[in-house]
Amino acid sequence: MTFVVAALAAGALAVPLAPGSKAPKIEVKEWVKGKPVPGFSADGVYVVEFWATWCGPCVESIPHITSLSKQFPQVTFSGISLYEENADKRVQKFVDKMGDKMDYNVAWGGNREGMAKTWLDAAKQDGIPTAFIVSKRQIMWIGHPDNLEEPLKAVLAGSYDVKSAREKYIQETDARTYSKELRTEAQEIEFSYYMGKVDEAKKRFAVFQKKPGAERYTKDILFKWGAYENPAKFKEELLVRLKESEMVHFDMGYFATILAEKEPRLALWVIRQLLQGYKGQEPYWMVRYSAAQVMRTLKEWDKALEFANRARAEALAEDPEGTKGNAVQVISKFIKEVEEAKAKG
């Protein structure tokens, strides 16, 4: 990431928690399985993994963590649920349902407070699942639980180089943080244009495009703005892009919902292209949901309901247990709102 090196030449960004740092306290609301872990002993090795019941990748990692806990019985494994409320005992119910597949200590740590701040935010981790290895009351490693085994073996063998791990982690975190800041600024510039602040957006864009690494965003911004300024060229380029990646279909579905506010006919054209699917495949449910949103904007209530109901059915078939997100609930709410709008005429 050479652009990050240039951008950060003045000095590294602050990473309060990294390999080599003292491990923060364990502060949870409730232990729901196994033995409570009140803290870290001087001679113990621990894995602290953060997850949530709604997080698909977290759920997929659970059997792997269980396997590691059996492979390394001398290590204390704890899974701390964050970013969710627990008034309905959802964490306990989830853990009970998992049974032996989730066979290590589990706790509910709260929502965005507590360990979400002292561990994840402090380590500049903005996603889960994320695991930490703690030894001698010190953070040794931070990363995805799927990559946990090798550093854990090294820690147990006494061969782990925490100094090098710290330097690498801070460098990678600086790069990730800078990229996130670029992405956020690009989104702000892009959406100020859609909100009618065209001159302001273009002035900010002129400055933004000179920043190291900004080119990954500028081309896409200009492409989307072209839908308003040069529709014919936009159509031509979109047809090419749609053949390159399925992710373009998801992105353009969302963009069509924005475009429909000022360019409804072009938005409809975009939706028709997306509904043809990627390389002849059936379009993903998110594309159908985008189509429903466009139809709602155009007050085509029946078509909006048709697309939304099919999107909901496909989302439910993909995630019948509701462990990958709340798509079904979101679409159900949308359907209710459209039905109410249709009833009002």
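Look a little higher up for the structure.
Structural notes, computed from the coordinates. Being a predicted model, the structure only gives us computed values, none of them experimental. (Residues numbered from 1 in each chain as written. Predicted model: local features only at pLDDT ≥ 70, side-chain atom pairs only at ≥ 80, totals over all residues. Heavy atoms only, no water.)

Here we look at the packing of aromatic side chains
Our working definition: Centres within 6.5 Å are what make two rings of Phe, Tyr or Trp a pair, Trp counting through its six-membered ring; a difference in plane orientation under 30 degrees is then read as stacked, over 60 as edge-to-face, and the rest as tilted. Here's how the labels work: a residue is buried when its accessible area is under 20% of the maximum for its type, exposed when over 50%, partly exposed in between, all with a 1.4 Å probe on protein chains only. Placement of a charge over a ring requires the Lys NZ or Arg CZ to be within 6 Å of the ring centre, with the centre-to-atom vector within 35 degrees of the ring normal.
Applying the stated criterion across every chain, the model contains 20 aromatic pairs. Note on Tyr193 and Tyr194: the rings are 6.2 Å apart at their centroids and 90° apart in plane angle, and the pair reads as edge-to-face. Each member of the pair Tyr193 and Tyr194 is classed as buried. Here a set of aromatic residues connected by ring pairs shows up, and it is made of Phe191, Tyr193, Tyr194, Phe205, Phe223, Trp225, Tyr228, Phe234, Tyr254 and Phe255. Above the face of the Phe223 ring, Arg241 is positioned so that its terminal group lies 3.9 Å from the ring centre.

Some points on the sheet that holds strand 3 (residues 75-81)
Operational definition: In this description, strands pair whenever DSSP reports at least two bridges between them. Labels follow the DSSP assignment, with helices taken as runs of H or I lasting at least four residues and strands as runs of E lasting at least two, numbered in each case from the N terminus. Inter-axis angles, ranging from 0 to 180 degrees, are taken between N-to-C directions of lines fitted to C-alpha atoms, where helices are fitted over the stretch in contact.
Strand order in this open sheet of 6 strands is 1-4-3-2-5-6, and the pairing throughout is mixed. Every other strand in the sheet has two partners, leaving strand 1 (30-33) and strand 6 (138-143) as the edge strands with one partner each. Along the sheet, successive strands turn relative to each other by an average axial angle of 25°, direction set aside. The sheet contact formed by strand 5 (residues 130-135) and strand 6 spans 5 bridges and is antiparallel.

Looking at the packing of helix 8 (residues 215-229) against helix 9 (residues 231-241)
Operational definition: Angular relationships are summarised with four words: roughly parallel below 35 degrees, roughly antiparallel beyond 145, roughly perpendicular across 65 to 115, and oblique for the angles in between. We call a crossing left-handed when the near helix sits turned anticlockwise from the far one by less than a right angle, and right-handed when that turn is clockwise. Any two residues whose heavy atoms approach within 4.5 Å are treated as being in contact. Residues are grouped as follows: Ala, Val, Leu, Ile, Met, Phe, Trp, Tyr, Cys and Pro are nonpolar; Asp, Glu, Lys and Arg are charged; every other residue, Gly included, is polar.
The N-to-C vectors of helix 8 and helix 9 enclose an angle of 135°; their axes lie 7 Å apart at closest approach. Regarding the angle of helix 8 to helix 9, the classification is oblique. Once helix 8 is placed against helix 9, the crossing between them reads as left-handed. Contact residues: Lys219, Asp220, Phe223, Gly226, Ala227 and Glu229 in helix 8; Pro231, Phe234, Glu237, Leu238 and Arg241 in helix 9. Among the residues making up the contact of helix 8 with helix 9, the classes are represented as 5 nonpolar, 1 polar and 5 charged.

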